[in-house]
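Secondary and tertiary structure notes
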Amino acid sequence: MRSRAVKVARRIAQTGVARSMDSLCAGYRSLYARLTRPRGLEENGEAALVRASLDAFTPRSKGDRPVLFDVGANVGDWSELAVGSAELHLFEMAEASLQTLHEKFSLRDDVVVNNFALGNQEGFTEYKDYGDFSGKNTLVSEAEFYEGGKPKTCSVSTGDAYIERKALHGVHLLKIDVEGFELPVLEGFEKSLEYGYVNIIQFEYGFNNGEAHHLMMDFFEFLAPKGYRIGRLHPDGVRFHSYHSRLNNFDSGPNYVAARHEFVDRLEVFTNSITS
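Predicted, not measured: the structure shown is a model, and the values here were computed from it.

Cut-offs used in this document
- Residues numbered from 1 in each chain as written.
- Predicted model: local features only at pLDDT ≥ 70, side-chain atom pairs only at ≥ 80, totals over all residues.
- Heavy atoms only, no water.
- Pairing = 2+ DSSP bridges.
- Helix = DSSP H or I, 4+ residues; strand = E, 2+ residues; numbered from the N terminus.
- Axes fitted to C-alpha atoms, helices over the stretch in contact; angles between N-to-C directions.
- Core = buried A, V, L, I, M, F, W, Y, C linked by side-chain atoms within 4.5 Å.
- Buried < 20%, exposed > 50% of the residue type's maximum accessible area, 1.4 Å probe, protein only.
- Contact = heavy atoms within 4.5 Å.
- Arc of directions from axis to C-beta.

1. With respect to the sheet that holds strand β10 (residues 237–241)
Taken in spatial order, the eight strands line up as β3-β2-β1-β7-β8-β11-β9-β10 in an open sheet, and their pairing is mixed. Edge positions in the sheet fall to β3 (111–114) and β10, since each of these pairs with one other strand and no more. Across this sheet, the average inter-strand angle for adjacent strands is 20°, counted without regard to direction. For strand β2 (residues 87–91) and β3, the ladder comprises four bridges, and the chain directions are parallel. Within β3, the residue paired with F91 across the bridge is N114.

2. Quick word on the pairing of strand β9 (residues 228–234)
As paired elements, β9 and strand β11 (residues 255–260) share five bridges and run antiparallel to each other. Note that in β11 the partner of I230 across the bridge is A258. Bridge count between β9 and β10: five bridges; the pairing is antiparallel. Bridge pairing links R232 to R239 in β10. Here β9 folds back onto β10, and the loop between the two strands holds two residues.

3. Digging into the sheet that holds strand β4 (residues 117–119)
Taken together, the three strands give an open sheet; going across it, the order is β4-β6-β5, and neighbouring strands pair in mixed fashion. Of all the strands in the sheet, just β4 and β5 (123–129) have a single pairing partner and so form its edges. Ignoring which end each strand starts from, the neighbouring axes of this sheet average 55° apart. Examined bridge by bridge, β5 and strand β6 (residues 150–158) share seven bridges and lie antiparallel to one another. Paired with D129 across the two strands is K150, which belongs to β6.

4. What about the nonpolar core?
With 42 residues, the main nonpolar core has F69, L174, I201, F203 and L223 as its most contacted residues. The element that contributes the greatest number of residues to this core is helix α10 (residues 216–223), accounting for five residues. Look past the residues within four positions of I201 in its chain and what remains in contact with it is L174, I176, L186, L193, L223, Y228, Y256, V257 and A258. One finds A56, A73, L90 and V264 within the second-largest nonpolar core, a separate group that totals 27 residues.

5. Overview of the environment of A258
Topologically, A258 is positioned in strand β11. Linking A258 and F203, residues 55 residues apart in sequence, is a C-alpha distance of 8.1 Å. Excluding its chain neighbours within four sequence positions, the residues that come into contact with A258 are N199, I200, I201, F203, L223, Y228, R229 and I230.

6. Considerations on the side chain of H89
As for its placement among the helices and strands, H89 is situated in strand β2. Setting aside residues no more than four positions away along its own chain, H89 makes contact with V67, L68, F69, D70, V112, Y162 and L168.

7. Describing helix α5 (residues 95–105)
Of the positions making up α5, those classed as buried are S97, L98, L101 and F105. The arc enclosing the buried residues of α5, seen along the axis, measures out at 100°, which places them on a common side. For α5, exposure combined with an orientation more than 90 degrees from the buried face picks out E95, A96, Q99 and E103. Here the buried face of α5 lies against α4 (77–80), β2 and β3.

Structure, rendered in structure tokens:
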């Protein structure tokens, strides 16, 4: 029986069926990437979320400004939404993207650009670099969804350690877009999340999270006990909801929001969205 199976496998390989299947799978991956390419920040609700979050900020004292973290800043498009209205801390591990960030923000004293990644431990780690397609860069070492990534090394810290080093009172809006590494980044903020130092979180959820073996269930189990409600980001607001297994579907996102209870009402409907 075993020899027969081997013969069948060889025959399939010889006829090129295996190569055809590989080509077909690659084609489907390419098609999926095109169909799920992120829409513009105005169109997908990210810009409206930034504005609504800034509107919901309550200063502790005169001159107090909201602090925003852009984890996985890439070329800084998201951060540009809040320039001039907040104190921004950007985190980017790729040298090419870092150069673009310095060109955009070097003249601003309210923008801090950091050339390291955030995760759940401090030190050095390897990541996959996709060159000109820097939006695909990921710290998920086993990620195979995109082809062609080259291994590179970067330094990594935790959100808690960074907040302590910078003597920050907290983070009003934490945005995380790190191609599947979102949960480890959140784990690095564990102390800050426990004490309520982070008000609102925007994070991405998709097939790269699957390659990291993280489900939406894991995000709910980590964030809900700490006082956060979670929901999918829409152009006109956030649909907060309880956990259901269907949310584990990796196309249920791509963007989710977690917010402390006192901010939920301000985010359920965006009065400044492009659909209003």
